[in-house]
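Examining the three-dimensional arrangement
Spelled out from the first residue to the last, the chains are:
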Amino acid sequence: MAEPLAERLRPRTLDDYIGQQHLVGQGAVLRKMIDAGRISSFILWGPPGVGKTTLAQIIAHRLETPFYTLSAVTSGVKDVRDVIERAQKGRFFNEASPILFIDEIHRFSKSQQDSLLGAVEKGVVTLIGATTENPSFEVIRPLLSRCQLYVLKSLEKDDLLQLLDRAITKDVYLKELDITLQETDALLRFSGGDARKLLNILELVIEASDKSKPIVIDDKMVAERLQQNPLAYDKDGEMHYDIISAFIKSIRGSDPDAALYWLARMIEGGEDPKFIARRLVISASEDIGLANPNALLLANAAFDAVQKIGWPEGRIPLAEATVYLATSPKSNSAYLGIDAALELVRRTGNQPVPLPIRNAPTQLMKQLGYHDGYLYPHDYPGHFTPQQYMPDALVDERIWHGQHSPAEEKLYERMVNYWGERYKQ
């Protein structure tokens, strides 16, 4: 049985490698190390199908050094130790360290990653890890500190078109067929910048065609062959977090067009609407806050509406809340205030509550001075009278700093009227 097209077209040299010119182009950092014949341990971080495994194999072939592969999905600590032992025994004096390539290294447990540390530090193996997840969160710090990190980018349109042309003109089987790429938008859209997926789709479309006749590939043919959602994304993967990040940042940056675009991306990708609604509630509190307190009410109402009416109508209250939040004035004073208060509590510990504002449910507590001297604000003009509410040791601390949005300005002015110099800034 023939190898899959993606495997048949896997580049064997850097000159055949498509994309990632910031790393392997002439004069780029990885190219220089490879040309010098010595590489240090590194981790390749990038989306699926951009050439992480291929790059590791090219490097091993170019350096003519033993190449060991482990998959984090199927390998345990024992497998790691076995490979390290084999690498140690098979290495000759002054020879370049064998390369240990670990695919999906983010799936390795802490103990598995710990088992690599000594070998990487002593140079028993040169580690090349590949991951689609952010190494800052998924790779233990001691291992990350021993490796360089190189970020691979999604392949550009020109890269993918180059790959398609190579497939139909250079592949040992496809070049014998009469194939015309009349339209490529669907191929590129369905692949999502993933070279492997692109070649798999091309192969599927061709296999389903009558190869005794000219094969003309257009967008309609590709869509009919695949019958799937081209915008679906992995809700547990990095794109999930990147898109929700873009959504929230667009709201924070007061760009309703961008916010609606990212909302649409999540809806088309099959994101859980309750997840989107929860983030809108958080954004209303964190980013709009006291500049427009109605934002939290509307976001919460949108959350309730989505749960009550379901899909697809739920997109409408989500869109309403999104536009309202994006176009609202912004303030993060409450968000900054609670973080400042938490930092103060952690720094100063459990300070005693001043006696006047303590609860005094028993006679003994009253005799000890609990509640003694408390001034009931409603007994005073304007329902306010100055008294100490902060612990004695923190009486001069300031936590909430009003921001001067139109709505919040009134709150700030009221505090200045009440407390005078304490709230002036």
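Right, let's walk through the structure included here. Remember, predicted model here, so these are calculated numbers, not experimental data. (Residues numbered from 1 in each chain as written. Predicted model: local features only at pLDDT ≥ 70, side-chain atom pairs only at ≥ 80, totals over all residues. Heavy atoms only, no water.)

So, about the overall build of the chain. Of the regular secondary structure elements, the chain holds 20 helices and seven strands. If one aligns the C-alpha atoms of the chain with their principal axes, the spans along those axes are about 95 × 60 × 40 Å. Considering the chain as a whole, with its 425 residues, one finds that 42% of them fall into the buried category. Partitioning the intrachain contacts of the chain with sequence separation of at least 6 by distance along the chain shows that 71% fall at a separation of at least 24. Carbon and sulfur atoms provide 53% of the accessible area of the chain, an area that totals close to 23,500 Å². (Helix = DSSP H or I, 4+ residues; strand = E, 2+ residues; numbered from the N terminus. Buried < 20%, exposed > 50% of the residue type's maximum accessible area, 1.4 Å probe, protein only. Contact = heavy atoms within 4.5 Å. Areas by Shrake-Rupley, 256 points an atom, 1.4 Å probe, with all protein chains shown as cover.)

Attention shifts here to unusual backbone geometry. We note that Gln20 has phi near 55°; this positive angle belongs to a residue other than glycine. Structurally, Gln20 can be placed in the loop between α1 (5-8) and α2 (21-24).

Note that soluble globular proteins tend to have their nonpolar side chains buried in a common cluster. Formed by 51 residues in total, the largest nonpolar core has its most connected members in Leu30, Ile39, Ile59, Ile128, Leu202, Ile217 and Val222. Considering each element in turn, this core owes the most residues, seven residues, to helix α11 (residues 195-207). (Core = buried A, V, L, I, M, F, W, Y, C linked by side-chain atoms within 4.5 Å.)

Viewed as axis vectors pointing N to C, α11 and helix α12 (residues 219-226) meet at an angle of 90°, and their least axial separation amounts to 10 Å. Considering their axes alone, α11 and α12 lie roughly perpendicular with respect to each other. Counted together, Ile201, Leu204 and Val205 of α11 and Met221, Val222, Arg225 and Leu226 of α12 form the full contact between these two elements. Broken down by class, the residue content of the contact of α11 with α12 amounts to six nonpolar, no polar and one charged. (Axes fitted to C-alpha atoms, helices over the stretch in contact; angles between N-to-C directions. Parallel < 35°, antiparallel > 145°, perpendicular 65-115°, else oblique. Nonpolar A, V, L, I, M, F, W, Y, C, P; charged D, E, K, R; others polar.)

Put simply, helix α3 (residues 29-36) and helix α4 (residues 52-63) touch, their axes get as near as 9 Å, and they point 25° apart. When the axis of α3 is compared with that of α4, the two are roughly parallel. Counted together, Leu30, Ile34 and Asp35 of α3 and Leu55, Ile59, Arg62 and Leu63 of α4 form the full contact between these two elements. Grouping the constituent residues of the contact of α3 with α4 by class yields five nonpolar, no polar and two charged.

With that settled, the discussion passes to the sheet that holds strand β3 (residues 99-103). Spatial ordering of the open sheet is given by β2-β3-β4-β1-β5, a layout of five strands whose pairing is parallel. The open sheet has two edge strands with one neighbour each: β2 (67-71) and β5 (148-151). Ignoring strand direction, the axes of neighbouring strands in this sheet form an average angle of 20°. Where strand β1 (residues 42-45) lies against β5, four bridges are found, and the strand directions are parallel. The residue of β5 that forms the bridge with Phe42 is Gln148. Most of the contacts of α4 go to β3, to which it runs at about 170°, and overall it touches β1, β2, β3 and β4 (126-131). (Pairing = 2+ DSSP bridges.)

Before going further, it helps to examine the pattern of salt bridges. A full pass over the atoms with the stated rule returns 15 salt bridges. Across the pair Arg31 and Asp15 runs a salt bridge whose closest N-O atoms are separated by 3.2 Å. With Arg31 in helix α3 and Asp15 in the loop between α1 and α2, this residue pair connects regions lying 16 residues apart in the sequence. Take Arg31: its relative accessible area is 9%, and that puts it in the buried class. We classify Asp15 as exposed; its relative accessible area is 64%. For the salt bridge of Glu207 with Lys211, the shortest nitrogen-to-oxygen distance reads 3.8 Å. In this structure Glu207 comes out as exposed when scored by relative accessible area, which is 53%. Here the residues in one salt-bridge network are Asp15, Arg31, Asp35 and Arg62, joined through shared partners. (Salt bridge = Lys/Arg side-chain N within 4 Å of Asp/Glu carboxyl O.)

Take it as geometry only, folks, not as evidence of what the structure does.
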